[in-house]
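An overview of the molecular structure
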Amino acid sequence: MFVRRFFYYWQFIAVLVLPAWLLVGASVYGSGGWDVVGSFFSGLVVGVGLLAVSLIFSARTEVRSTRMVSWADVGILTLWHALIVGMGFTYGVAPGLAALVIVVGIGAFWFAIWELIAAARRSMRAMMLLVEETARGPAFLPTVPPTLPPTDGFNPTPDPSVIIVREHPLRPPGESFEKKESGKKHGQAPEA
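Residues numbered from 1 in each chain as written. Predicted model: local features only at pLDDT ≥ 70, side-chain atom pairs only at ≥ 80, totals over all residues. Heavy atoms only, no water.

1. Describing a nonpolar patch on the surface
To be explicit about the condition: Patch membership is restricted to residues that have no salt bridge and whose relative accessible area is over 30%. Joining uses 9 Å for like charges and 5 Å for the nonpolar side chains Val, Leu, Ile, Met, Phe, Trp and Tyr. Method for areas: the Shrake-Rupley scheme with a 1.4 Å probe, in which residue coverage is limited to the protein chains shown. Here, a salt bridge means any side-chain nitrogen of Lys or Arg that lies within 4 Å of a carboxyl oxygen of Asp or Glu. Here a strand is any run of E in DSSP of at least two residues, a helix any run of H or I of at least four, and the numbering for each starts at the N terminus.
Taken together, the side chains of Leu 23, Trp 34, Val 37, Phe 40, Phe 41 and Leu 44 make up a nonpolar region of the molecular surface, amounting to roughly 660 Å² of accessible area. Top contributing element to the nonpolar patch by residue count: helix α2 (residues 33-58), with five residues. Topologically, Phe 41 is positioned in helix α2.

2. Some thoughts on the pattern of salt bridges
For clarity, the cut-off: Accessible area is worked out with a 1.4 Å probe on protein chains only. A residue is then buried under 20% of its type maximum, exposed over 50%, and partly exposed in between.
On inspection of all chains with the given rule, the structure shows four salt bridges. Between Arg 60 and Glu 62 there is a salt bridge, with its nearest N and O atoms 3.4 Å apart. Here Glu 62 falls in the partly exposed class, since its relative accessible area comes to 34%. The partner of Glu 62 in a salt bridge is Arg 122, and the shortest N-O contact between them spans 3.3 Å.

3. Here's the deal with the packing of α2 against helix α5 (residues 95-136)
The condition that has to hold: Here the axes come from fitting lines to C-alpha atoms, over the contacting stretch only for helices, and the angles between their N-to-C directions go from 0 to 180 degrees. Each angle is binned into one of four classes, with values under 35 degrees roughly parallel, values over 145 roughly antiparallel, values of 65 to 115 roughly perpendicular, and all other values oblique. Throughout, a crossing is termed right-handed when the near helix is turned clockwise from the far one, and left-handed when it is turned anticlockwise from it by less than a right angle. Any pair of residues with heavy atoms lying within 4.5 Å of one another is described as a contacting pair. Gly is placed with the polar residues, together with every amino acid not listed as nonpolar (Ala, Val, Leu, Ile, Met, Phe, Trp, Tyr, Cys and Pro) or charged (Asp, Glu, Lys and Arg).
The N-to-C vectors of α2 and α5 enclose an angle of 15 degrees; their axes lie 9 Å apart at closest approach. With respect to each other, α2 and α5 are oriented roughly parallel. For the pair α2 and α5, the sense of crossing is left-handed. Across the interface between the two elements, Ala 52, Val 53, Ile 56 and Phe 57 of α2 pack against Ala 108, Phe 109, Phe 111, Ala 112, Ile 113, Glu 115 and Leu 116 of α5. When the residues that make up the contact of α2 with α5 are grouped by side-chain class, the tally is 10 nonpolar, no polar and one charged.

4. Concerning helix α4 (residues 71-89)
The condition is simple: Given the number of residues in a helix, its expected span is that number minus one, multiplied by 1.5 Å.
Over its 19 residues, α4 extends 27 Å from the first C-alpha to the last, a length consistent with the 27 Å expected when each residue adds 1.5 Å. Where α4 is concerned, the buried positions are Asp 73, Val 74, Leu 77, Trp 80, His 81, Leu 83, Ile 84, Met 87 and Gly 88.

5. What about the packing of α2 against α4?
Closest axis-to-axis distance for the α2/α4 pair is 13 Å, and the angle between their directions is 170 degrees. Between α2 and α4, the crossing angle belongs to the class labelled roughly antiparallel. Residues Ser 42, Val 46, Gly 49, Leu 50, Val 53 and Phe 57 of α2 touch α4, and the partners they reach there are Asp 73, Leu 77, Trp 80, His 81, Ile 84 and Met 87. Of the residues belonging to the contact of α2 with α4, the class tally is eight nonpolar, three polar and one charged.

6. Description of the side chain of Gln 11
We count it as follows: Two N or O atoms form a polar contact when they lie within 3.5 Å of each other; inside protein one atom must be a possible hydrogen donor and the other a possible acceptor, and for residues adjacent in sequence the pair counts only when both atoms belong to side chains.
If you trace the backbone, Gln 11 turns up in helix α1 (residues 2-29). Side-chain polar atoms of Gln 11 contact the backbone oxygen of Tyr 8, separated by 3.5 Å. Ignoring anything within four residues of it in the chain, the contact list for Gln 11 reads Ser 54, Phe 57, Val 69 and Leu 77.

7. Thoughts on the nonpolar core
Where we set the bar: By convention a nonpolar core is built from buried Ala, Val, Leu, Ile, Met, Phe, Trp, Tyr and Cys residues, the set being connected through side-chain atoms within 4.5 Å.
One finds Leu 50, Val 53, Trp 80 and Ile 84 to be the most contacted residues of the largest nonpolar core, which totals 27 residues. Counting only elements with at least two residues in this core, the list comes to α1, α2, α4 and α5. Top contributing element to this core by residue count: α1, with seven residues. Every residue in contact with Trp 80, bar those within four places of it in the chain, is listed here: Gly 49, Leu 50, Val 53, Val 101, Val 104, Gly 105 and Ala 108.

This is the structure in C-alpha cells:
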C-alpha cells in the first residue's frame, strides 16, 4: 500500500526531476555541447510524456479516491523511470537506451489509455445495473404489516399508489334531507 501511494505522488514529482536529471547527466557524463543541447530537448519530450501518463493514470476514479496507483502502474512506471535514470548515466555511450526509453514511454501511454477505458467501462456497467434495478422497482409490493390490525373503514388497496376517498354525509346518520323539506310548508317561513 505504501509503495502504491508513493508512486502516486512520485509520478508528478518525476515530471520535473527526471528531465532535469537528463540535463545534469548529459552535462556530467556527456561527451560534448551538442549532447547537452540534445538532452535539453529530449528532457522536454520526456517531461511531456511523463506528465501525460501521470494525468491519464490519475484520471481514473479509483486512483483519485484512494491516492494510489495500481500494481501494474507501479511496474510500468518503475521500468520507464529506471530507463530514464539509466539514460542520464550513459547518454553518449548507449544510444539504443534512448530508443528503448521512447518505446517504453509509448507503451506506458497506451497502457494508461487502456486502463482508463477499462475503468470507464466498469463504471458505466455499474451505472447501467443501477438504472435497471431502479427501473424494475421493488421485487414485492409493499403491504400493511400483518402485525397491525386494519382500522375502522380502512381497507388497503393492493397498489399503494392508489388512494380511495369515500365521501360521508355531513349530517348525522338517521337525519336525511327529505325529512327537513317535508316539514316546511310552501310560503311559510321556517321555524327557528
